Amino acid sequence: MAIYLPELSAHDVSFPPLHRALSNPDGLLAMGGDLSPARLISAYSQAIFPWFSEGDPLLWWSPSQRAIFAPDTLKLNRTLKKQLNRYQLHFSVNTAFAQVMAHCAAPRAKQPGTWILPEMQQAYQQLHLQGYAHSIEVWQQDRLVGGLYGVLVGSLFCGESMFNLLPDTAKLALVALQQHLQQVAPGWIDCQMPNPFLLQLGARSLPRADYVSLLQTSAAQQTPASHWLAGPLIPDPANA
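Please read all numbers here as calculations on a predicted model, not as lab measurements.

Colleague: So what exactly am I meant to see when it comes to unusual backbone geometry here?
Modeller: Excluding glycine, most residues fall at negative phi; most peptide bonds, likewise, are trans. Cis rather than trans, the peptide bond between Asn24 and Pro25 has omega equal to 0°. Its place among the elements puts Pro25 in the loop between β1 (7–8) and β2 (28–32). Of note in the backbone geometry, Ala47 takes a positive phi value of approximately 70° without being a glycine. Note that Ala47 resides in the loop between α1 (37–45) and β3 (49–50). With a relative accessible area of 1%, Ala47 lands in the buried category. One non-glycine residue, Gln88, lies in the positive phi region at around 55°. Following the sequence through the fold, Gln88 ends up in the loop between α2 (78–87) and β6 (89–93).

Colleague: It is not clear to me how the nonpolar core should be interpreted in this structure. Could you clarify?
Modeller: In this structure, Leu35, Leu40, Tyr44, Trp60, Tyr124, Tyr149 and Tyr211 are the most contacted members of the largest nonpolar core, which totals 49 residues. The biggest single contributor to this core is helix α3 (residues 97–105), with five residues. Contacts of Tyr44, omitting those with residues within four sequence positions, involve Phe49, Pro50, Tyr124, Val151, Val153, Cys158, Glu160, Gln192 and Leu215. Listed in part, the 32 residues of the second largest apolar core include Leu152, Met162, Val175 and Ala203.

Colleague: Looking at this structure, how should I read the sheet that holds strand β11 (residues 204–207)?
Modeller: Working definition: the strands of a sheet are paired by backbone hydrogen bonds and lie parallel or antiparallel to each other. The mixed open sheet is built from eight strands, whose spatial order is β11-β5-β10-β9-β8-β7-β6-β12. Taken across any chain shown, the strands that pair with only one partner, and hence form the sheet edges, are β11 and β12 (231–232). With eight bridges connecting them, strand β8 (residues 143–153) and strand β9 (residues 156–164) associate as antiparallel partners. Its bridge partner being in β9, Val151 is matched across the sheet by Cys158. Relative to the sheet, helix α7 (residues 208–219) contacts β5 (65–69), β8, β9, β10 (189–190) and β11, its axis offset from that of β11 by approximately 90°.

Colleague: Hey, could you run me through the pattern of salt bridges in this one?
Modeller: Oppositely charged side chains may form a pair once their charged atoms are brought near each other. Per the stated rule, a full pass over the model turns up four salt bridges. Residue Asp168 is joined to Lys171 by a salt bridge in which the shortest nitrogen-to-oxygen separation is 3.4 Å. Judged by its relative accessible area of 16%, Asp168 falls in the buried class. For Lys171, a relative accessible area of 25% corresponds to the partly exposed category.

Conventions used here
- Residue indices begin from 1 for each chain and proceed along its sequence in written order.
- Local features are withheld for residues below a pLDDT of 70 in this predicted model, meaning they are given only at 70 or higher, and side-chain atom pairs are given and counted only at 80 or more; totals for whole chains, interfaces and linings count all residues.
- Each side-chain value is derived from all of the structure's non-hydrogen atoms; neither hydrogens nor water enter the calculation.
- Each helix is a run of DSSP H or I of at least 4 residues and each strand a run of E of at least 2, with the numbering of both proceeding from the N terminus.
- Residue burial is assigned from relative accessible area. The probe radius is 1.4 Å, only protein chains are included, and a residue is buried under 20% of its type maximum, exposed over 50%, and partly exposed in between.
- What is meant by a nonpolar core is a set of buried Ala, Val, Leu, Ile, Met, Phe, Trp, Tyr and Cys residues, joined one to another through side-chain atoms within 4.5 Å.
- Residues are treated as being in contact if the distance between any of their heavy atoms lies within 4.5 Å.
- Paired strands are those between which DSSP finds at least two bridges.
- Angular values range over 0 to 180 degrees, each being the angle between N-to-C directions of two axes fitted as lines to C-alpha atoms, with helices fitted over their stretch in contact.
- A pair is scored as a salt bridge if a Lys or Arg side-chain nitrogen falls within 4 Å of a carboxyl oxygen belonging to Asp or Glu.

Following this line, the structure appears as structure tokens:
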């Protein structure tokens, strides 16, 4: 069955209203436009994000359910503490954003392709340089072994992707992120579409209308730019 998608203007960073998002596929809202910082900031502030594969047009989404980690959801359980001690890990913020994105874009088992295409990497690196996108890094000595990146909207962290080269380092990056957020903000983390992995970690599904309400509240709660300066995480989860 053919579907109709609004095509975004190259000169206007606005989006169609969210109620026009499709139910099948869930959340598909529009196509086209570009990945300029202004458009991406407009998208995230309206509960929209880009997601497309190589060879596809640029697609924009706002799913009916969002995967959300509420404040105090992510904790260092016994297994994660064992991994911290076993691998002698330490953590940082915004010290290797491009490397984190490159690792997140690398092919994975049963996923030979990637949606984090070169143009996506370039676009989010521009957001990073402008202070909107941030990364959490997990290190074993001087080797990057895990991490995540995303976009900050006020006090809400909109996670994009994460990776691990050692067991559980992506989970540890999430714990470190929430600990870091909660020094200056409630600690909400958006992980976009629910999946079994996120739900197992403690994420819950939030209907779009409730997510928009959370987003609007969070957008008014700015976190200080100084909190995102590149450097080691303090307190470091390994020493918490």
